[in-house]
Every structure is written in structure tokens, then in C-alpha cells.
Amino acid sequence: MDQLGKPNFRQIAHHLRQDILDGRHPPGTLLPPEPELAQRFGVSRSLVNRALQLLAAEGKVTARQGRGTMVTWLPPLLHSPARYPREIREGQDARGAFDAEIRALGLEPQHEITTEHTQPPEHIAEALGLPRGRVNCLVRRRRLLASRIPVRLNASWIPLEIAGGSTLEDPSAVLVGGIKSALADLGFKQVAASERFMVRPPSDAEAVALEISPERSVLDIFHVGRTSDGRVVEVTTTVTPADNQIVEHEFRLS
């Protein structure tokens, strides 16, 4: 409190943060306008604005021009092998694991998709066992949102000899079960996958696409999918705010 007994901007941010975490302002909804919040706390709009800037740096809210301040906090998503079984990815016509996860939160999953034939970066070509320096991949890029809240940036790299001429090339096609189901339908069912995780700062382009502060960390996931004969048929990279993920893996000990 200040000398007059009014809350300071950190205390205002604390109250609004609790309202968000307690569900009084659900994800994807707008906070009350600044004048209304200023009246509620008995302070100036400038103090409310400082509190909202603090919450924005944490990823709890985002200012949307012409609309107001949207709640962008989401409960952390669990990233584990349990998200990949086909019955999970396709349950209730879900378009992959992300769709199923977001629907379980009561939110609407959205996909912004582009596709192109391209020369993959060297580390992608190496993982896929493809010659370097050639246009031999289809890359399917997705910005994935939950009720208009950007959550993930995905890029899936698939050999052109597999994906060429298939629905995977269609950017308007949101595939039931996602890329893994589409590949299985093409005769390339994946039976094993490996993942590598790295926490790092976002690039400028990633921060803009995810609508996050450049100071927030992202989780970079490198996912490699293999068929029963050991062939790598998919490499997917995922970039997502690190504080939005809980990673859980089970492994054997000798």
C-alpha cells in the first residue's frame, strides 16, 4: 500500500493474477477496461496500466489493439508419451494431440497452416537420412492457437517421396489425428519416436508469432518419428512458451 492506503501496481497485479488463476477471468476473455479497473482499486489508470504491463511480461495477458486486454494464461499442458496414441489423437475427430489437449480444457483449437517443397536444413536432412542441398522435403508449418491464444509453432518435415501428392501438401486440410495418422494412412505407420528438449530465448520472429515478451523462455522440442523398419519419416520441431509445459517421461533403469 502507498501512504494513502491505496494499492500499488504490484498489489493490483497480484489481485488480477489471482482472479485469472482462479478462473474469474477465463483464458481468451477480456479483462475489464482500464477505467473500470482503476475505479475498482481506487487508483489512477496509469497505475493499472503498469500492473497490466507486469502481467503481460509474465504471459498472463496480452493487449489486443482495438479490443482490450485478453487473458492469455493457460493451464500448463502435459507433454508425455501419453499424448501420442492414435485413440487420443483422433478422439472425437481431434486433429492431433494438440487438438485433444485444448478441447479437454474447454477451449477451441485453431490451426494456421502453410506448406512448401523445400531444401531442409542440414540437421533435418541428416535426421531424415536425405541428401543435403536438395529440394526433397515437404515442410508443413503450423501456428497453433487455443481460443485465439497462440500456443505452439510447429514445423513438420517429411520426405517428398512420401508426402508428394498427398493431403499433407494441402494447407487447408486440418487432418484428423494429425500428421501421424496421415502418414499411417499412406502406409508409413510410426512405431517409435525420440525427442530432444532445449530451453532457450525466443527469436524475434518467434516472440512475435507467439505474442510473448522476448524475455520469456521457450521450450524447443525436436521430435523424430520412425516406422517399424527404423526409417525416419517425420521430423517435427515445436517452439512453445516454456512455462506453459510440463514434461514427463518414463524410462527404464538398469
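In this text, all values refer to a predicted model and were calculated from it rather than measured experimentally.

Student: Before we move on, could you go through the packing of aromatic side chains and cite the residues and values that matter?
Tutor: Tallying each qualifying case throughout the model produces 0 aromatic pairs. The cationic tip of Arg50 hangs over the ring face of Phe9; the distance from NZ or CZ to the ring centre is 4.0 Å. Seen from the ring of Tyr84, Arg83 lies directly overhead, with NZ or CZ sitting 5.2 Å from the centre.

Student: Give a detailed account of the pattern of salt bridges, specifying residues and quantitative values.
Tutor: Summed over all chains, the structure comprises 19 salt bridges. Asp19 is paired through a salt bridge with Arg40; the nearest N and O atoms lie 3.1 Å apart. A residue pair is termed long-range when its members are at least 10 positions apart, and Asp19 in helix α1 (residues 9-21) and Arg40 in helix α2 (residues 34-41) qualify at 21 residues. A residue is classified by how much of its surface remains accessible, and Asp19, at 8% relative accessible area, is buried. Take Arg40: its relative accessible area is 46%, and that puts it in the partly exposed class. Among the salt bridges present, the one from Glu112 reaches Arg143, with a minimum N-O distance of 2.8 Å. With Glu112 in strand β4 (residues 109-118) and Arg143 in strand β5 (residues 137-146), the pair connects residues that are 31 residues apart, well separated along the chain.

Student: Give me the lowdown on unusual backbone geometry, citing residues and values where you can.
Tutor: Even without being glycine, Ser147 reaches a positive phi, approximately 50 degrees. Examined against the element boundaries, Ser147 turns out to sit in the loop between β5 and β6 (149-159). Within the chain, Arg148 stands out as a residue other than glycine whose phi angle is a positive 75 degrees. Considering the arrangement of structural elements, one finds Arg148 in the loop between β5 and β6. Overall, Arg148 belongs to the partly exposed group, its relative accessible area being 36%.

Student: Could you give me a rundown of the packing of α2 against helix α3 (residues 45-58), with the residues and numbers involved?
Tutor: It is the contact of α2 with α3, at a shortest axis distance of 9 Å, that shows an interaxial angle of 105 degrees. Judged by the inter-axis angle, α2 sits roughly perpendicular to α3. Packed against α2, whose contacting residues are Glu34, Pro35, Leu37 and Ala38, the element α3 presents Arg45, Val48, Asn49 and Leu52 at the interface. Classifying every residue of the contact of α2 with α3 by side-chain character gives 5 nonpolar, 1 polar and 2 charged.

Student: Account for the side chain of His25, naming residues and giving values.
Tutor: Along the chain, His25 falls in the loop between α1 and α2. The buried category is assigned to His25, whose relative accessible area is 13%. Those residues in contact with His25, other than ones at most four positions away along the chain, are Asp19, Ile20, Leu31, Pro32 and Val71.

Student: An account of the sheet that holds strand β8 (residues 218-227) is needed here, citing residue identities and associated values.
Tutor: Reading across the sheet, the 6 strands line up as β4-β5-β6-β9-β8-β7 and stay open at both edges, with antiparallel pairing between neighbours. Two strands in the sheet have a free side with no partner beyond their single neighbour: β4 and β7 (190-200). Pairs of neighbouring strands in the sheet enclose a mean axial angle of 15 degrees, with direction left out of account. In the sheet, β4 pairs with β5 via 10 bridges, with the strands oriented antiparallel. Looking at β5, one finds that Thr115 is bridged to Arg140. Against the sheet, helix α5 (residues 97-104) makes contact with β4, β5 and β6, and its axis sits at roughly 165 degrees relative to β4, the strand it touches most. Relative to the sheet, helix α8 (residues 178-185) contacts β5, β6, β7, β8 and β9 (232-241), its axis offset from that of β9 by approximately 170 degrees.

Definitions and limits used
- Residues numbered from 1 in each chain as written.
- Predicted model: local features only at pLDDT ≥ 70, side-chain atom pairs only at ≥ 80, totals over all residues.
- Heavy atoms only, no water.
- Phe/Tyr/Trp six-rings, centres within 6.5 Å; stacked < 30°, edge-to-face > 60°.
- Lys NZ or Arg CZ within 6 Å of the ring centre and 35° of its normal.
- Salt bridge = Lys/Arg side-chain N within 4 Å of Asp/Glu carboxyl O.
- Helix = DSSP H or I, 4+ residues; strand = E, 2+ residues; numbered from the N terminus.
- Buried < 20%, exposed > 50% of the residue type's maximum accessible area, 1.4 Å probe, protein only.
- Axes fitted to C-alpha atoms, helices over the stretch in contact; angles between N-to-C directions.
- Parallel < 35°, antiparallel > 145°, perpendicular 65-115°, else oblique.
- Contact = heavy atoms within 4.5 Å.
- Nonpolar A, V, L, I, M, F, W, Y, C, P; charged D, E, K, R; others polar.
- Pairing = 2+ DSSP bridges.

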